Amino acid sequence: MYNLLKGKKGIIFGALNEHSIAWKVAERAHEEGAQFVLTNAPIAMRMGELNGLAAKTGSQIIPADATSMEDLTNLVEKSMEILGGKLDFVLHSIGMSVNVRKGKHYTDPSYDFTTKGWDVSAVSFHKTMNVLYNKQAMNDWGSIVALTYMAAQRVFPDYNDMADNKAYLESIARSFGYFFGRDHKVRVNTISQSPTPTTAGSGVKGFDGFLAYADQMSPLGNATALECADYTLTLFSDLTKKVTLQNLFHDGGFSNMGVSDAVMSKFVDEK
Ligand SMILES: NC(=O)c1ccc[n+]([C@@H]2O[C@H](COP(=O)([O-])OP(=O)(O)OC[C@H]3O[C@@H](n4cnc5c(N)ncnc54)[C@H](O)[C@@H]3O)[C@@H](O)[C@H]2O)c1
């Protein structure tokens, strides 16, 4: 423990169960001295698992559908009341494709599903920052992070319309990050994480193969959810004050690889 977030206050979106990346961020942020509010969609609350995390980290829970400006406004106002002031960090760890869930192929989606998934996975980040910015809810030198995946840059066919949603999300981080930096000295970044066995991750078709392939392509292997949490905390800490408008790969080196020995060996005839 480094006391990296001592005295810092924030909001953590997206902890569903102990596998969630946001769950690990909450546990680690608590260990590093942060205070925060946990939030998730009202429907996710029904599973009840978040109560355990709240008890463990001494946090309160405020349900919010991240596509609802009303819910987000209530969340930010109540969080500032509970935490006794403005916020230092916010984690957006939300993703969902209705087309993936309903088994629709990328080439023939339901566009209502496309719109819904885009709203949940990408526009919700804009809406969240809208409320934070206009309510002047962030302290100077605060930090906002959203999670993304490399399908925003390269083709992963089974990632479906989430690829497009992630490209949009990363663009929002840059565009909103400019105004947040200029006006409030707040940094905005996305972390592009390795495939990770969570509820959202496992929804991708052929996920096990995908996980093994990425692991064997990466010189350091896939990054785990806990390692992602550690990296996220560095971005919330005062050690990264001038890092902003970036899409930061946290993937064991995968994003810069062409091919690895481990993967090549599957295609080479040993005579
Ligand atoms: N798992 C992976 O392989 C992987 C890789 C790279 C990036 N990511 C990203 O990490 C983030 C977190 O996902 P995870 O892998 O921890 O899975 P997860 O399923 O544990 O988390 C996704 C969360 O989104 C929440 N959510 C869905 N709709 C919502 C709404 N309308 N309002 C508020 N919250 C809503 C869910 O309740 C859930 O808590 C997502 O952005 C995901 O795309 C995941």
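Only a predicted model underlies this, so the values are computations on that prediction, with no experimental measurement involved.

### Describing the nonpolar core
Counting 56 residues, the largest nonpolar core has Ile12, Ala15, Ala22 and Ala26 as the members making the most contacts within it. Ignoring any residue separated from it by four or fewer positions in sequence, one finds Ala15 in contact with Ser20, Ala22, Trp23, Ala26, Leu38, Asn40, Leu50 and Leu53. One finds Tyr149, Met150, Tyr159 and Val204 within the second-largest nonpolar core, a separate group that totals nine residues.

### Topic: the site of the ligand
Among the 27 residues in the neighbourhood of the ligand, the closest are listed as Ser20, Gly95, Thr198, Ala200 and Gly201. Among the secondary structure elements, those contributing two or more residues to the shell around the ligand are α1 (21–31), β5 (138–148) and α8 (199–202). Looking at side-chain class alone, the shell around the ligand contains 14 nonpolar, twelve polar and one charged residues.

### A short note on unusual backbone geometry
With glycine set apart, most residues show a phi of negative sign, and most peptide bonds adopt trans. Of note, the phi angle at Asn3 is positive, near 55°, even though the residue is not glycine. With respect to the element layout, Asn3 can be found in the segment before β1 (9–13). In this structure Asn3 comes out as exposed when scored by C-beta crowding, with 10 C-beta atoms within 10 Å. At Lys185, a residue that is not glycine, the phi angle is positive and equals roughly 60°. Along the polypeptide, Lys185 turns up in the loop between α7 (162–184) and β6 (187–193). Among the residues examined, Lys185 registers 14 C-beta atoms within 10 Å and is labelled partly exposed.

### Section: the sheet that holds β1
The strand order across the open sheet formed by seven strands is β3-β2-β1-β4-β5-β6-β7, and the pairing between neighbours is parallel. Of all strands in the sheet, those bounded by a partner on one side alone are β3 (60–61) and β7 (247–250). By the bridge criterion, three bridges tie β1 to strand β4 (residues 87–92) in an arrangement that is parallel. Residue pairing across strands places Gly10 opposite Phe89, the latter belonging to β4. Each of β1, β2 (35–39), β3 and β4 touches helix α4 (residues 69–83); the most contacted strand, β2, lies at about 150° to it. Packing against the sheet, helix α6 (residues 111–134) makes contact with β4 and β5, and its axis sits at approximately 165° to β4.

### Remarks on α7
An ideal rise of 1.5 Å per residue puts 33 Å on 23 residues; α7 measures up with 30 Å between its terminal C-alpha atoms. By the largest-angle criterion, Gly177 marks the main kink of α7, which is about 30°. If you check which residues of α7 are buried, you get Met162, Ala163, Asn165, Lys166, Leu169, Glu170, Ile172, Ala173, Phe176, Gly177 and Phe180. Tucked inside the fold, the buried residues of α7 contact α5 (98–101), α6, β5, β6 and β7. Where α7 terminates, the next one or two residues include Lys185, which has phi positive at roughly 60°.

### Examining the pairing of β1
The side chains of a regular strand alternate, first on one face of the sheet and then on the other. In terms of burial, β1 is largely enclosed, as five of its five residues are buried. Alternating residues of β1 divide into Lys9, Ile11 and Phe13 and Gly10 and Ile12, and every residue in both groups is buried. Two elements, β1 and β2, share five bridges in a ladder whose sense is parallel. Counted as the bridge partner of Lys9 is Gln35 from β2. With α1 bridging β1 and the parallel β2, this β-α-β connection has right-handed handedness.

### Describing the UniProt feature "active site" (unreviewed entry) in the protein chain
Mapped onto this numbering, the UniProt entry gives "active site" (unreviewed entry) at Tyr149 and Tyr159. Looking at where Tyr149 falls in the secondary structure, it is placed in the loop between β5 and α7. A residue is classified by how many C-beta atoms lie within 10 Å of it, and Tyr149, with 27 of them, is buried. When near neighbours in sequence (up to four residues on either side) are disregarded, Tyr149 contacts Tyr159, Lys166, Ser192 and Gln193. Taking the number of C-beta atoms within 10 Å as the measure of exposure, Tyr159 has 23 and is therefore buried. With residues up to four places along the chain from it excluded, the contact list for Tyr159 reads Tyr149, Ala151 and Val204.

### Observations regarding the pairing of β2
Burial of β2 is extensive: four of the five residues sit out of reach of the surface. Inspection of the sheet shows β2 paired to β3 by two bridges, in the parallel sense. Across the sheet, Val37 pairs through a bridge with Gln60, a residue of β3.

What counts, and at which threshold
Residues numbered from 1 in each chain as written. Predicted model: local features only at pLDDT ≥ 70, side-chain atom pairs only at ≥ 80, totals over all residues. Core = buried A, V, L, I, M, F, W, Y, C linked by C-beta atoms within 7 Å. Buried ≥ 20, exposed ≤ 12 C-beta atoms within 10 Å, placed from the backbone. Contact = placed C-beta atoms within 7 Å. Near = placed C-beta within 6 Å. Helix = DSSP H or I, 4+ residues; strand = E, 2+ residues; numbered from the N terminus. Nonpolar A, V, L, I, M, F, W, Y, C, P; charged D, E, K, R; others polar. Pairing = 2+ DSSP bridges. Axes fitted to C-alpha atoms, helices over the stretch in contact; angles between N-to-C directions. Expected span 1.5 Å × (residues − 1). Bend = angle between axes of the 7 residues up to and from the residue. Right-handed = clockwise from strand over helix to strand, strands pointing away. UniProt positions renumbered as here; feature names shortened; annotations may be inferred.

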